[in-house]
Amino acid sequence: MSRWSPRVTVATVIERAGRFLMVEENRGGPHTLFNQPAGHLEPGEGIRAAAEREIREETAWHVGITDYLGLYVYHAPDGLTFHSHGFSGMALAHLGNDLDPDILAIHWLTLDELETLERAGRLRSPLVMRRIRDMKRGRTFPLDVIQER
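Residues numbered from 1 in each chain as written. Predicted model: local features only at pLDDT ≥ 70, side-chain atom pairs only at ≥ 80, totals over all residues. Heavy atoms only, no water.

**Student:** In this structure, what is going on with helix H1 (residues 47-59)? I would like to understand it.
**Tutor:** An α-helical turn contains 3.6 residues, so a residue and the one three or four places further along point in the same direction. Helix length check: H1 (13 residues) gives 18 Å between terminal C-alpha atoms against 18 Å at 1.5 Å per residue, within 8%. Buried within H1 are the following residues: Ile47, Ala50, Ala51, Arg53, Glu54, Ile55, Glu58 and Thr59. Elements that come into contact with the buried residues of H1 comprise strand S1 (7-16), strand S2 (19-25), strand S4 (38-40), strand S5 (61-75), strand S6 (81-94) and strand S7 (103-110). Among the residues trailing H1, Ala60 stands out with phi positive, at a value near 65°. (Helix = DSSP H or I, 4+ residues; strand = E, 2+ residues; numbered from the N terminus. Expected span 1.5 Å × (residues − 1). Buried < 20%, exposed > 50% of the residue type's maximum accessible area, 1.4 Å probe, protein only. Contact = heavy atoms within 4.5 Å.)

**Student:** Where do I start with the layout of surface pockets in this structure?
**Tutor:** Any space left empty among the atoms is revealed by the rolling of a water-sized probe across them. Roughly 560 Å³ of internal volume is contained in the largest pocket. Taken together, 26 residues line the largest pocket, and the ones lying closest to its centre are Thr9, Asn35, His40, Phe82 and Arg124. Among the secondary structure elements, those contributing two or more residues to the lining of the largest pocket are S1, strand S3 (33-35), S4, H1, S6 and helix H3 (127-136). Its residues placed into classes, the lining of the largest pocket shows 11 nonpolar, six polar and nine charged. (1 Å grid on protein atoms, 1.4 Å probe; cavity = no way out; pocket = protein on both sides within 12 Å on 5 of 7 lines; lining within 4 Å. Points joined across faces, edges and corners; volume = space filled by probe spheres on them. Nonpolar A, V, L, I, M, F, W, Y, C, P; charged D, E, K, R; others polar.)

**Student:** I'm lost on the pattern of salt bridges in this one. Help?
**Tutor:** As a working rule, side chains carrying opposite charge can pair if their charged atoms are close by. One pass over the full model with this rule turns up 12 salt bridges. One salt bridge connects Arg53 with Glu42, and the closest N-O pair in it is separated by 3.5 Å. Of this pair, Arg53 sits in helix H1 while Glu42 sits in the loop between S4 and H1, placing them 11 residues apart in sequence. Residue Glu42 is classed as partly exposed on the basis of its relative accessible area, which comes to 40%. When the shortest N-O distance is used, the salt bridge between Glu54 and Arg53 registers 3.0 Å. Here the two residues Glu54 and Arg53 agree in accessibility, since each one is buried. (Salt bridge = Lys/Arg side-chain N within 4 Å of Asp/Glu carboxyl O.)

**Student:** I'm lost on the packing of aromatic side chains in this one. Help?
**Tutor:** Remark: the centre distance and the inter-plane angle together describe each pair of aromatic rings, the angle taken between the planes. Under the defined criterion, the tally for this structure stands at three aromatic pairs. An angle of 85° between the planes, with centres 5.6 Å apart, marks the rings of Trp61 and Trp108 as edge-to-face. In this pair, Trp61 is assigned in strand S5 and Trp108 in strand S7, connecting sequence segments 47 residues apart. Under the relative-accessibility criterion, Trp61 is labelled buried at 11%. Residue class for Trp108 comes out buried when judged on its relative accessible area of 18%. Over the ring of Trp108 we find Arg16; its NZ or CZ atom is 4.3 Å from the centre of that ring. (Phe/Tyr/Trp six-rings, centres within 6.5 Å; stacked < 30°, edge-to-face > 60°. Lys NZ or Arg CZ within 6 Å of the ring centre and 35° of its normal.)

**Student:** Explain the packing of helix H2 (residues 111-119) against H3 here, please?
**Tutor:** Packed helices, taken two at a time, are described by their axes: the angle between them and the distance between them. One way to put it is that H2 packs onto H3 with a least axis distance of 11 Å and a crossing angle of 150°. One finds that H2 runs roughly antiparallel with respect to H3. Read as a crossing pair, H2 and H3 show a hand that is left-handed. Across the interface between the two elements, Leu111, Leu114, Glu115 and Glu118 from H2 touch Met129, Ile132 and Arg133 from H3. Along the lines of polarity and charge, the residues of the contact of H2 with H3 split into four nonpolar, no polar and three charged. (Axes fitted to C-alpha atoms, helices over the stretch in contact; angles between N-to-C directions. Parallel < 35°, antiparallel > 145°, perpendicular 65-115°, else oblique. Left-handed = near helix turned anticlockwise from the far one by under 90°.)

**Student:** Quick question: what am I supposed to make of the side chain of Glu25 here?
**Tutor:** Within the secondary structure layout, Glu25 lies in strand S2. Given the relative accessible area of 5%, Glu25 is considered buried. A distance of 3.0 Å separates the side chain of Glu25 from the side chain of Arg124, its partner in a polar contact. Beyond its immediate sequence surroundings of up to four residues, Glu25 is in contact with Thr32, Leu33, Asn35, Asp102, Ile103, Leu104 and Arg124. (Polar contact = N/O pair within 3.5 Å; in protein donor to acceptor, adjacent residues only side chain to side chain.)

Next up, the structure:
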């Protein structure tokens, strides 16, 4: 009998001057989708290191991760289950590296713009706004709640 394993992912909410750093992706549907910089944990990689790598690869920004938003469990319509670790952070410097090929563009969007995208069904998952709303209400935890050693 094989064991069931959830997909482990990371995502980071990055706000600067009332705008959120988002990536625009082509996922094969009729419209592009928007997400926080996010992705899968690679073998042997720490959760926070994965978040920092994904931000760098998908946005070409160096970000200081400041808080842990928590573990978000998402049961996708295709039957997969994701355990997504949410973080928040501050943009520190634009690095100028090439973006991951799956990323069409990066955007700094307001909450109103994101809510419009949410109503249009253009967010990658319901977790996108949930993480933002949690961060905005101050529902954060110290990074040391993650013990990886």
